[in-house]
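Coordinates in review
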Amino acid sequence: MNIFEKKDLLYGGDYNPEQWLGYDGIWEQDIQLMKKAGVNCVSVGIFSWALIEREEGVFDFSWLDTVIENLYKNGISVILATPSGARPPWLSQKYPEVLRVREDRVKHIYGKRHNHCFTSPVYREKTAIIDEKLSKRYGHHPAVIMWHISNELSGDCHCPRCQERFREWLKAKYDNDIEKLNHAWWGAFWSHHYTEWSQIESPSSIGEIGVHAHVLDWKRFSNDMMIEFYNHEVSAVKKYSDLPVTTNFMEIEEINYHKFEKYVDIVSWDCYPRWHNDKESVYDTAVWTAFHHDLFRSMKQKPFLMMESTPSLVNWNDTNKLKAPGLNILASMQAIAHGSEGVLYFQMRKSRGSFEKFHGALIDHDGSGETRVFGEAAQLGRILKDNAKLKGGSSDSQVAVIYDYENGWAIDELCGLKNDRGYKETCIKHYKALKGSGINVDVIGPGADFSRYKLISAPMLYMVPDSTAKRIREYIAGGGIFVATYLTSYVDENDLCHLGGFPGGLKDVFGIWNEEIDSIYGENAVIANGSEYTVTDFCERIHPDKDTEVIATYKYDFYAGEPAVTRHGYNKGMAYYIGARTGVDYLHRLYGEAMQKAGVLVPDVTLGKGISMTKRGEYTFLMNFSDKAAAAVSNGVNFTLEPYGFKII
Ligand code: GLA
Ligand code: ZN
């Protein structure tokens, strides 16, 4: 059986039984408690390399055989990991080439995890050997339902071999023509004109970090090396097994998962929101979380898997808050509402020693199953069991927000704007303004199919290659409503500024010319329909064409009275341009109008403070992300939700 054939929602998570070898009775207790909590699936083997291959070439699978067999006998499925996320010490000692070199050219010594060189032939050889053995041994085991390749792949390596691979990568990208690279990297600036490929080094704080296209190319290259390494492991496990594969994605901005998504059979991600932090409300943390669920769901337009989460606290924030009673159940149901096929935790049992011994887990050091966390987890286990009907169920969003990883990299690099750019935060703000209407919202990459949406929001889409400009133009011409903001289309894919005025390649579509952008201290305001709305950080001076409507103007500064927000009909569609960083209040108003024009079906609901609404298939979820009871009216029916309560309608 594979993961797609499972009838129930998955419930369980990372299980590290190798930490308890020699502790009699613990594995039995694990199984007993896991069953009591309703666990039906665990991820095994993620960090098991050193205890499978204690010496090079000497393999002992006996303990893993027992673990998998016991799980199987007890009806618990296994997501089996390849162990490449962490190496045994002997491997680094014998083959130092597997160790990464940092950007400042310092070579790592053995330690930690998730830090091998992606191009190392030795590391590839060693991972292939153990992966193939795992595949041969367990690839057809009835307990095993999927491969979990490595763990949280990320990062880059600046070793001499990776430098060589980078040069090869550049040669391929620039058709072996170094003048093409010089043009893209704007090589005449500061005399950085290259004449030999061998002169090129990866970006470094002791070398060059200010050539934006160079930095972007390095990030793209490193992304490709990570995916190449992942695919290398996939071929190893596929040798004897045709089970689906995944790897756990993260919330981070450094990896372009839109390039990665096609290589996994199901998108999975590790979900660690900062619940109860002191900077935002629980509702805002829920918005952040929902945005990420929708981002990962939208990648394949299919259900995803929440591969990790914590049943209580994490151990790596400055302040690690417990999840308040009820919140774990609510947050888990939120993942289900947004399309997860299950709820998986890190981890089943707390470690006894080392770095993660105080990280939340299903089973605590007391080992009893009597804890608050366990009790709530068991309650959730029952809820999930009763809700298998939710599986599958699509989102059918009519609205999407574009979030483009590489655009974020380019925005981070640019010099000349206020430092606090907050690209992802801005996308989340726009998402929040849309989501507040109770609709489903997709979060898509710039290469997604635009035609399925009635309205697309593209905050701060600074990097717009001609090909994307063309697709935006076609989308709007065909009747789409497109909302863009300040910073739209300043540069192309190589971070070269568009010539002829911004938004490059789209001036006629938006019916504006954006002449300049001001970074502001404090606040300005825009006036729209007689009301005033605060703006912060960025204000552009935009010039509307004759047929462009100005729908908000600036209140202060030398550009007071000038256009701040515009609307322009283009062919069958409409293009909005928001020239300044407005708050959610204004965005909510603007999107309300834009959705009406786009014919988006907005549900007839009034949501009380803290309530979020999402549909999965035919089921509507109302979720109260607040410690106070709250009310909602949906289609004339009143609902009261307990603190951190939820309802599935
Ligand atoms: C990550 C890792 C896990 C664990 C958790 C702790 O997601 O994949 O191994 O370290 O963090 O939060
Ligand atoms: Zn390397």
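No experiment lies behind these values; they were computed from the predicted model shown.

1. Quick notes on the overall build of the chain
For the chain, the helix and strand inventory stands at 17 helices and 25 strands. Taken over C-alpha atoms, the radius of gyration comes to 26 Å for the chain, in line with the 26 Å a tight globule of 649 residues would show. By principal-axis analysis of the C-alpha atoms, the chain measures approximately 80 × 70 × 40 Å. In the chain, once contacts between residues fewer than 6 apart in sequence are set aside, the share between residues at least 24 apart is 72%. By element, 51% of the accessible surface of the chain is carried by carbon and sulfur atoms, the whole surface being about 25,700 Å². For the chain, the distance from the average site of its 72 positive side-chain charges to the average site of its 86 negative ones is 4 Å.

2. A look at the site of ligand 1
All residues in the neighbourhood of ligand 1 are listed as F47, R113, N151, E152, D270, Y272, E308, W316, F346, E356 and H359. Contacts to ligand 1 include N151, whose side-chain N or O atom sits 2.9 Å from an oxygen atom. Between ligand 1 and D270, the relevant distance is 3.4 Å, taken from an oxygen atom to a side-chain nitrogen or oxygen of the residue. Alone, ligand 1 offers 310 Å² of accessible surface; in the complex the protein occludes 96% of this. Across the shell around ligand 1, the residue classes tally to four nonpolar, two polar and five charged.

3. Let's talk about the domain arrangement of the chain
Where the parts come together, the accessible area they lose is often given as the size of the interface. The domain architecture assigned to the chain consists of domain 1 (10–86 + 120–157 + 224–390), domain 2 (399–598) and domain 3 (605–648). Using only C-alpha atoms to locate each centre, domain 1 and domain 2 end up separated by 38 Å. In this complex, domain 1 contributes 24 residues to the contact, which on the side of domain 2 involves 17 residues. In total, about 1,800 Å² of surface goes out of reach between domain 1 and domain 2, with carbon and sulfur atoms giving 56% of it. At the junction of domain 1 with domain 2, the criterion picks out four salt bridges. Among the salt bridges present, the one from K432 reaches D284, with a minimum N-O distance of 2.7 Å. Counting across the domain 1 and domain 2 interface gives 14 residue pairs in polar contact (both at pLDDT 80 or more).

4. Some points on the side chain of R349
Tracing the backbone through its elements, the reader meets R349 in the loop between β9 (340–346) and α12 (372–386). Note on R349: relative accessible area 7%, which makes it buried. Here D30 takes part through its side chain, which lies 2.6 Å from a polar atom of the side chain of R349. Apart from the residues lying within four places of it in its own chain, the contact partners of R349 are W20, I26, Q29, D30, A361, I363, D364 and G367.

5. Thoughts on the sheet that holds strand β21 (residues 611–616)
The sheet built from three strands is open, its strands ordered β21-β22-β25 with antiparallel pairing. What marks the edges here is a single partner per strand, and that holds for β21 and β25 (646–648). Sheet twist, expressed as the average angle between the axes of neighbouring strands with direction ignored, equals 15 degrees. Sheet topology note: the strand β22 (residues 619–624)/β25 ladder contains three bridges and is antiparallel.

6. Observations regarding the coordination of the zinc ion (ligand 2)
The protein atoms that coordinate the zinc ion (ligand 2) are C117 (SG), C157 (SG), C159 (SG) and C162 (SG), at distances spanning 2.2 to 2.3 Å. Look at where the donors of the zinc ion (ligand 2) fall in the sequence and you get C-x39-C-x1-C-x2-C. Residues C157 and C162 agree in their burial class; the two are buried.

7. Things to note about the side chain of N494
Relative to the elements of secondary structure, N494 occurs in the loop between β13 (481–485) and α16 (507–510). On the basis of relative accessible area, N494 is assigned to the buried category, the value being 13%. At 3.1 Å, the side chain of N494 and the side chain of K173 are in polar contact.

8. A few points about the sheet that holds strand β12 (residues 455–458)
Read from one edge to the other, the open sheet built from 10 strands follows the order β11-β10-β12-β13-β18-β17-β16-β14-β15-β19, with strand pairing classed as mixed. The open sheet has two free edges, formed respectively by β11 (441–444) and β19 (580–582), since each of these has just one partner strand. Each neighbouring strand pair of the sheet contributes to a mean axis angle of 20 degrees, computed without reference to strand direction. For strand β16 (residues 549–554) and strand β17 (residues 563–570), the ladder comprises four bridges, and the chain directions are antiparallel. Paired with E549 across the bridge in β17 is R567. Helix α14 (residues 423–435) rests against β10 (399–402), β11, β12, β13, β18 (573–578) and β19 of the sheet, and its axis sits at about 170 degrees to β10.

9. Examining the packing of aromatic side chains
Evaluation of the coordinates by the stated rule reveals 38 aromatic pairs. The interplanar angle of 70 degrees and the centroid separation of 6.2 Å between the aromatic rings of F61 and Y138 together place this pair among those described as edge-to-face. Of this pair, F61 sits in the loop between α2 (49–52) and α3 (62–73) while Y138 is found in helix α5 (residues 121–138), placing the two residues 77 residues apart along the sequence. Look at F61 and you get buried, because its relative accessible area is 6%. When the centroid spacing of 4.9 Å and the interplanar angle of 80 degrees are considered together, the rings of F558 and Y559 count as edge-to-face. Here F558 falls in the exposed class, since its relative accessible area comes to 59%. The class for Y559 is buried, based on a relative accessible area of 1%. Ring-pair connections join several aromatic residues into one group, and the members of that group are Y230, F249, Y257, F260, W269, F291, F296, Y403, Y405, Y423 and Y431. Lying over the aromatic face of F450, R471 brings its terminal NZ or CZ to 4.2 Å of the ring centre.

10. Some remarks on the pattern of salt bridges
With the rule as written, the count across this model stands at 43 salt bridges. A salt bridge links E132 to K239, with the shortest nitrogen-to-oxygen separation between them at 3.5 Å. Of this pair, E132 sits in helix α5 while K239 is found in the loop between α8 (212–238) and β5 (245–246), placing the two residues 107 residues apart along the sequence. A relative accessible area of 24% places E132 in the partly exposed class. With a closest N to O distance of 3.2 Å, R274 and E251 form a salt bridge. Remark: E251 occurs in the loop between β6 (248–249) and α9 (257–260) and R274 occurs in the loop between β7 (268–270) and α10 (282–300); sequence separation between them is 23 residues. Ionic contacts of the salt-bridge type, sharing partners, join the residues K173, D217, R220, K259 and E406 into one network.

How each quantity is defined
- Residues numbered from 1 in each chain as written.
- Chains lettered and ligands numbered in written order.
- Predicted model: local features only at pLDDT ≥ 70, side-chain atom pairs only at ≥ 80, totals over all residues.
- Heavy atoms only, no water.
- Helix = DSSP H or I, 4+ residues; strand = E, 2+ residues; numbered from the N terminus.
- Rg over C-alpha atoms; globule rule 2.2 N^0.38 Å.
- Contact = heavy atoms within 4.5 Å.
- Areas by Shrake-Rupley, 256 points an atom, 1.4 Å probe, with all protein chains shown as cover.
- Lys, Arg positive; Asp, Glu negative; His and termini not counted.
- Charge placed at Lys NZ, Arg CZ, Asp CG, Glu CD.
- Near = heavy atom within 4 Å.
- Polar contact = N/O pair within 3.5 Å; in protein donor to acceptor, adjacent residues only side chain to side chain.
- Nonpolar A, V, L, I, M, F, W, Y, C, P; charged D, E, K, R; others polar.
- Domains from an automatic or database assignment.
- Buried area = accessible area lost by both parts, 1.4 Å probe.
- Salt bridge = Lys/Arg side-chain N within 4 Å of Asp/Glu carboxyl O.
- Buried < 20%, exposed > 50% of the residue type's maximum accessible area, 1.4 Å probe, protein only.
- Pairing = 2+ DSSP bridges.
- Axes fitted to C-alpha atoms, helices over the stretch in contact; angles between N-to-C directions.
- Donors = N, O, S within 2.8 Å, 3.2 Å for Na, K, Ca; no water.
- Phe/Tyr/Trp six-rings, centres within 6.5 Å; stacked < 30°, edge-to-face > 60°.
- Lys NZ or Arg CZ within 6 Å of the ring centre and 35° of its normal.

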